[in-house]
Amino acid sequence: MRFRTLSFSTRSLTPSKTLLPLVLRRRLVSALSAAPSPSPMAATEESLRRALAEKQTAVDAQSEAVRALKARPSVSKDEIDAAVEVLKALKVEQGAAAKRLQSAVSSNSDGSSKEAFRQAVANTLERRLFYIPSFKIYRGVAGLYDYGPPGCAVKSNVLAFWRQHFVLEENMLEVDCPCVTPEIVLKASGHVDKFTDLMVKDEKTGTCYRADHLLKDYCKGKLEKDLTLSPDKAAEFKHVISVLDDLSSEELGAKLKEYDIRSPDTGNHISDPYPFNLMFQTSIGPSGMLPGYMRPETAQGIFVNFKDLYYYNGNMLPFAAAQIGQAFRNEISPRQGLLRVREFTLAEIEHFVDPEDKSHPKFVDVANLEFLMFPREEQLSGKSAKSMILGEAVSEGTINNETLGYFIGRVYLFLTSLGIDKDRLRFRQHLPNEMAHYAADCWDAEIECSYGWIECVGIADRSAYDLRAHSEKSGVPLVAHEKFSEPREVEKLVITPSKRELGLAFKGNQRIVVEALEAMSEKEALGMKEALDDKGEVDFQVCTLGKSVRIKKSMVSISMERKKEHQRVFTPSVIEPSFGIGRIIYCLFEHSFYIRQRKSEDEQLNVFRFPPLVAPIKCTVFPLIKSQQFDEGAKLISKSLTAARVSHKLDVTGTSIGKRYARTDELGVPFAITVDSTTSVTIRERDSKEQIRVSIEEVASVMKEVTDGQRTWFDMLWKYPTHVTTHADEL
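The following paragraphs examine the structure supplied in this document. Computed from a predicted model, the values in this text were never measured in an experiment.

### Quick notes on the overall build of the protein
Now for step 1: In terms of helices and strands, the protein carries 24 helices and 28 strands.
Now for step 2: The C-alpha extent of the protein, read off along each of the three principal axes, is 100 × 90 × 55 Å.
Now for step 3: For the protein, buried positions account for 48% of its 731 residues.
Now for step 4: Pairs at least 24 apart in sequence give 68% of the contacts found in the protein among residues at least 6 apart.
Now for step 5: Treating the 98 positive side-chain charges of the protein as one cloud and the 101 negative ones as another, the clouds have centres 5 Å apart.

Listed below in structure tokens is the structure:
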């Protein structure tokens, strides 16, 4: 009889229910011990927490039952011993439930430890010189890293594919602008006043920490280490993590106090959160009179060049400009390797479009894509990301418009082509307080790694804010024109804020309120006009202030005016995909890494399964044994690969073939060419270890086709005879 078929469970055991015949009680204990345990992957974390709570309740109830039995003089020793055996079995079950929960919260999807996996990846990357801390001999500087030879090659390949996938296929205009930016440019964009993170200080030592990181680390630590958390408390911590970017300074400070979060280094109390500007300040020229900053993003260089780019494009919309370059942010507490650094590579696109027509002619090409999306409604209700069809998400209004949806689809194809696991990629919509008041819609491509879900690409509809801001500050109109074949009589919305009245009422917040008023849609503006005409004042929500303000009739004029126009002059909207290249590369490292066992030994071998597209070296060439004939053949093949522009490494050392395979596998080299004959060679594929035999004359063309993506390895297996290895040292 299996325990699950009994008509009662140990959760409801009471003293009276333990007084069973001894044989039946012993069967119960045996059944408890033998009951099958669900695998960690078969249950959600929430169900595991509930199961653990139920086991704890059962243990507490049985403990009380044992105490009650011991207090009754008439109960025999056998009966007490039986009840104790049930209690012991329940404690075993409780321990097993605790282990399953611990495994679920601290392991990867394959059951391996996240920490051990992360360390294995980091050790391999540093040992093989993919990247290392900068200025290492001087003990380094937090947040600065150097790419070594294989890291440079991977980065170069990622950027080359980015250019092909976006710049070439979408006919974008590429620019390259300076890193040093005058203050006036970043004043207009809002970076000087608003480019901040909330910081706290250790009240005794003065050490600085990023406030949201402390709260996130606390919640994650509780979820991973405190197995006694109730399901409701665990849900609370998960909700805090999901809305972290949506918390105001006051809300963040309140949470830090509620959880009594202190300095992680000293345990001292911390200050209330306050803003810290993340830009590196400098001065331009020897006089020091012209202040500037190291650019925090590449986008502003594109915006200030809009007029010339628009002219270059034949005064036609839509068009996109792109830029790859370094950006700089003085991070409060850089950590997590390439994920949070002070100097990094950005690849950004600014797609300029008519605000009245955000359709896209190529949207049909991506409309049928289906992948994980995390709309804001799901986040705020505590739900998980769900699989959605892109075309349906746009038609239902989850994604604001076709052009934004098109770029979301193109970003998905880009990342998965690089080798990012589609099951660990999601697109998360920004929560209301994450978005600026002028933004129409914003989504982040987030990739899951051992550190959790990491924002790697931001795709935002920034409306016309940037061009308007630079137009106002510079006095140069950054606008587009649509000429009419015949004059048109149009009715236009005119919003005229009274800067004097708003300045008297809102002081330093005047500009923010003005921008919010000017950014109103026609529906919002006419609603406000009606309320002002009726009541003389109205409450107006200003997202960037995080509160409502009282607008009086004297503060703004709203009207609809009829005019005859020969052309329409307007400020284009901007759709901006922004790629953090270092973050994408790090997630690619983790998604590509696995450990392989040797067949004949206990030793483990580290392997990166990079697709040929991004692999740092496409193939290796080595002779099977140290021989003049084979060495000459290897050198001849090397020359032909160089002529075909296939990156490769020639290895004529005398080490065993197995060790040479292992070295190249650890670098992620997808193919190994072994010269074991004067007329033909074997080509080995890294992950399957399958081999084909190809004539020496064909090697370069085969490698060119398979590494350029013209053909697949599967195609080559059909075309060429497979080779069963006789190499004694094959892994």
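### A closer look at the sheet that holds strand 28 (residues 691-695)
Now for step 1: If you trace the five strands from one edge of the open sheet to the other, you get 25-24-26-27-28, paired in mixed fashion. Each edge of the sheet is formed by a strand with only one pairing partner; in this case those strands are strand 25 (648-650) and strand 28. Geometrically, the sheet is characterised by an average inter-axis angle of 25 degrees between neighbouring strands, direction not taken into account.
Now for step 2: With five bridges joining them, strand 26 (residues 671-675) and strand 27 (residues 680-685) adopt antiparallel strand pairing. Bridge pairing in strand 27 links I673 to I683.
Now for step 3: Contacting strand 24 (619-623), strand 25, strand 26 and strand 27, helix 21 (residues 628-643) runs over the sheet at an angle of about 160 degrees to strand 24.
Now for step 4: Contacts between helix 22 (residues 657-667) and the sheet are confined to strand 24, strand 26, strand 27 and strand 28, with strand 24 contributing the most and set at about 165 degrees to the helix.

### What about the nonpolar core?
Now for step 1: Counting residues in each nonpolar core, the largest one holds 70 residues, and the members touching the most others are W162, F414, L415, F427, F579 and F589.
Now for step 2: Discounting residues that sit within four places of it in the chain, F579 has contacts with W162, F166, T345, L346, A347, I349, V411, F414, C456, V457 and I584.
Now for step 3: Core analysis: the second largest hydrophobic core is formed by 25 residues, I637, V699, W713 and L717 among them.

Parameters at a glance
Residues numbered from 1 in each chain as written. Predicted model: local features only at pLDDT ≥ 70, side-chain atom pairs only at ≥ 80, totals over all residues. Heavy atoms only, no water. Helix = DSSP H or I, 4+ residues; strand = E, 2+ residues; numbered from the N terminus. Buried < 20%, exposed > 50% of the residue type's maximum accessible area, 1.4 Å probe, protein only. Contact = heavy atoms within 4.5 Å. Lys, Arg positive; Asp, Glu negative; His and termini not counted. Charge placed at Lys NZ, Arg CZ, Asp CG, Glu CD. Pairing = 2+ DSSP bridges. Axes fitted to C-alpha atoms, helices over the stretch in contact; angles between N-to-C directions. Core = buried A, V, L, I, M, F, W, Y, C linked by side-chain atoms within 4.5 Å.

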